[in-house]
Amino acid sequence: ESHLKELNSKPYREHLVHAPDQTAFLVNNLMYLSQDHPATKEDQDYLNHLRSFISDKECCLRLEMPLMWYFLDLIIKRTPHHFIKCQELKKFCLLNGYIDGHQADDQFLALLQLFHHFGFFAYYELKGVPLESNWVCTDATFLYKEISKLLIIRFHPRNPQGVGTKRFKKEGIIEKRDYQELFKEVGISEETPSEWLLQVLQNLSFTAEIGPGRFFMPMVLPKGHVEIPNCPAVQPLCFAFNFKEDAFSANLLDLPRSIFCQLAVNLTNKDKWDTCPNDSDRSTIRYTYGDLEVFLMDKPGRFEVAVFCFKSFIFSKKGPCPADLKKLHDHCAAIKGDVKEGIEAVSGSVMGKEFLKKVNLQVGFICDCQKGSPHLALLSESEEKGVTLKCTRPKGRSRKLHSVPVRKVWFFPVENDEATFTLKTASSNECDDPEEYWVLQEQTSKGGESKSQDTHIRIIDRSGDEIISFLNQYKDIKHCDVYVIRSDLYEGE
């Protein structure tokens, strides 16, 4: 209590968000980085005081626990073993009176959960593993160091020698047939139960099983070598958190990049999402989703999802039909729903339920206003304007969503008179036989132009002189939006 009373007088106290069921504080790291309030020596002193408060052992160990369990912790700390079978530990606790015979399983489980919560033990309730067959790590720090030996494989001082280690470093794949060789080469202790460690990595959402005895760990992938095709079927969809005004005394649009790999694991565990480790890197994960190719991308302040249609997406020899448009919308809506659900799940797991109360997950697209640095246009709905995309820049304009089929299809069905599919070849410097993809393209009149009821003029694939000649026909219109669309340019507009 004395520690907390001391904090109450500090200016950062309002930025510490805490709840009884939360094991960590959320601290605003940006509070002294604004131009309106440049950091001073006094500010730095405040932050140093916060660091000392967080690292104060007395503060961390002011925890309520049964006295006998406290003695048990002292005894176990003196043992030379880092791992104990739960069955053996339970027998020891019964023999020495740390738990009694009445509801012994419940008491023992409560002991393990409490010690794990306090950071004394590392205990995980593993799927399909009964309590007696599970393991306890008596030093949580030791386990985290063991796991970190896998995470830093890219910085290992020696080049990998074994086949399994080379595969893990290149593709992030652990295979049961040779994982012992991998663990030995990266320096994981022989004392660590190897199969239990594989299950713990899954429990922590560090890995996903992608086949019998095969585990994918996106955290260890190399960064920045994947090049996505240049002809997405629809405009890539963006996801970002909009922080509420009372979250950090500021309204921010951001998405913590630390959850990207866990999101990739979350999607891999879902139906229809098949990961392609060979064509993925640390910030771009490739999936196949039925007849679609999906790229999940980690961008500054946002995640992006790009969708590509394989040639097999359209089966009819006569070409695209209205049913294909419906199928594309259904798939896009399902993909959008899975990604939103995954972001919320991993965010709550990593940063606590209180975090989710301070943010709204929003979706949108890269804004095409071409003002300033790349920024988002977010989905907005009102009775007056309907569904629009609102530019996030100050005084940004709103644009109607329904006027652009490659955006609309994420949220609403697209009619046959609005758009159709065009077959395009992806250009790639690395591929001798590039893939062909179906791309959604807006329907136009015979001359290649169309004028909508909302006074939007679209000019498709025309030269500069043709554009000027065409616009001269509309001199009497005082206000209109003109879109010059080039199909050979990325993003379309």
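What comes next is a walk through the structure. (Residues numbered from 1 in each chain as written. Predicted model: local features only at pLDDT ≥ 70, side-chain atom pairs only at ≥ 80, totals over all residues. Heavy atoms only, no water.)

### Observations regarding the side chain of Thr165
Checked against the element boundaries, Thr165 lands in helix α8 (residues 163-171). Separated by 2.9 Å, the side chains of Thr165 and Glu185 make a polar contact. In this structure, Thr165 is in contact with Ile153, Pro160, Glu181, Leu182 and Glu185, ignoring residues within four places of it in sequence. (Helix = DSSP H or I, 4+ residues; strand = E, 2+ residues; numbered from the N terminus. Polar contact = N/O pair within 3.5 Å; in protein donor to acceptor, adjacent residues only side chain to side chain. Contact = heavy atoms within 4.5 Å.)

### Examining the pattern of salt bridges
Applying the stated rule across the entire model yields 16 salt bridges. For Glu293, the salt bridge is made with Arg286, and the minimal N-O distance between the two is 2.5 Å. The same class applies to Glu293 as to Arg286, namely buried. Arg407 serves as the salt-bridge partner of Asp368, at 3.1 Å between the closest nitrogen and oxygen. Within this pair, whereas Asp368 is found in the loop between β12 (359-366) and β13 (376-382), its partner Arg407 is found in helix α14 (residues 405-408), the two being separated by 39 residues in sequence. Given the relative accessible area of 6%, Arg407 is considered buried. Overlapping salt bridges bring together Arg167, Glu175, Arg177, Asp178 and Arg214 as one network. (Salt bridge = Lys/Arg side-chain N within 4 Å of Asp/Glu carboxyl O. Buried < 20%, exposed > 50% of the residue type's maximum accessible area, 1.4 Å probe, protein only.)

### A short note on the sheet that holds strand β4 (residues 208-211)
One open sheet holds the three strands; their spatial order is β3-β5-β4, and the pairing between them is antiparallel. Edge positions in the open sheet fall to β3 (173-175) and β4, since each of these has one partner strand only. Each strand of the sheet is rotated relative to its neighbour by a mean of 35°, with strand direction disregarded. As paired strands, β4 and strand β5 (residues 214-216) are joined by three bridges and run antiparallel to one another. By the bridge assignment, Gly211 is partnered in β5 with Arg214. (Pairing = 2+ DSSP bridges. Axes fitted to C-alpha atoms, helices over the stretch in contact; angles between N-to-C directions.)

### Some remarks on the nonpolar core
Buried together is how nonpolar side chains tend to be arranged in soluble globular proteins. Leu328, Ile335, Ile343 and Trp410 are the most contacted members of the largest nonpolar core, which has 56 residues in total. For this core, the element with the most residues is helix α12 (residues 322-351), which contributes eight residues. Beyond its immediate sequence surroundings of up to four residues, Ile335 is in contact with Trp273, Tyr289, Leu292, Val294, Val305, Val307 and Trp410. Within the second largest apolar cluster, 27 residues are counted, among which are Leu143, Phe168, Phe183 and Phe206. (Core = buried A, V, L, I, M, F, W, Y, C linked by side-chain atoms within 4.5 Å.)

Everything listed is a geometric property; what it means functionally is a separate question.
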